[in-house]
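Listed here are the chains, written in short residue letters.
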Amino acid sequence: MSDFEAQLRAVSLRVTRPRLAVLAALREHPHIGTDAVIALVRADHPTVSHQAVYDVLRVLTDAGLVRRIQPAGATARYESRVADNHHHVVCRSCGAIADVDCAVGHTPCLTASGDHGFVVDEAEVVYWGTCPDCATERTPQRSASSEGST
């Protein structure tokens, strides 16, 4: 039995080709949108419909096997890393997303100053910035001819 099959059975879901294909796509390509999941699934299983992929993503999210994230101003993305409470960093330029493990030690920003009677069990933090690729593109390259001339 594969890891994906065990995950599905552990939450009382039937093992189907579309579910296995979606889990595989998300393991290999974390933080991708629905269109990318559909393209990856259909590359190996051309008979799987768009609607089937949407349905699988919903079922896997509801079952806790997949996490849906949607940073402000971005389309929804999906990931299969669900066993921990991690955060994300998002590039303001290209929209790339990467995982950020929770801070350790004293983290005052993760302790609510006023919980309004809520029992807080999770904090969602999204860091925003510029990814290395976009930062490199923004750095002007000085030409060799301009460096030696005055």
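Look above for the structure.
Throughout, a residue's number is its position along its own chain's written sequence, starting from 1. Residue-level local features of this predicted model are given only where pLDDT is at least 70; pairs of side-chain atoms are given and counted only at 80 or more, and the full residue set underlies all totals for whole chains, interfaces and linings. Note that water and hydrogens are dropped before the side-chain values are worked out from all heavy atoms of the structure.

Asks: What is the right way to look at the environment of Val53 in this model?
Replies: For the purposes of this entry, the term helix denotes a DSSP run of H or I that reaches at least four residues, the term strand denotes a run of E that reaches at least two, and both are numbered from the N terminus. Position of Val53 among the secondary structure elements: in helix H4 (residues 50-62). For Val53 and Asp35, which are 18 residues apart along the polypeptide, the C-alpha to C-alpha distance reads 9.4 Å. With residues up to four places along the chain from it excluded, the contact list for Val53 reads Val22, Val37, Ile38, Val41 and Val48. The contact criterion used throughout is that any non-hydrogen atoms of two residues lie within 4.5 Å.

Asks: Please explain the side chain of His31 as it appears in this structure.
Replies: Mapped onto the secondary structure, His31 falls in the loop between helix H2 (17-28) and strand E1 (32-33). Categorising residues by exposure relies on relative accessible area from a 1.4 Å probe, with only protein chains included: less than 20% of the type maximum marks a residue as buried, more than 50% marks it as exposed, and the intermediate range marks it as partly exposed. Taking the relative accessible area as the measure of exposure, His31 reaches 6% and is therefore buried. Within the structure, His31 has its side chain in polar contact with the side chain of Asp99 (distance 2.7 Å). Those residues within four positions of His31 in sequence are excluded, and the remaining contacts are Ile69, Arg77, Tyr78, Glu79, His88, Ile97, Ala98 and Asp99. Nitrogen and oxygen atoms within 3.5 Å of one another constitute a polar contact, given that in protein one can donate a hydrogen and the other can accept it, and given that sequence-neighbouring residues count only through two side-chain atoms.

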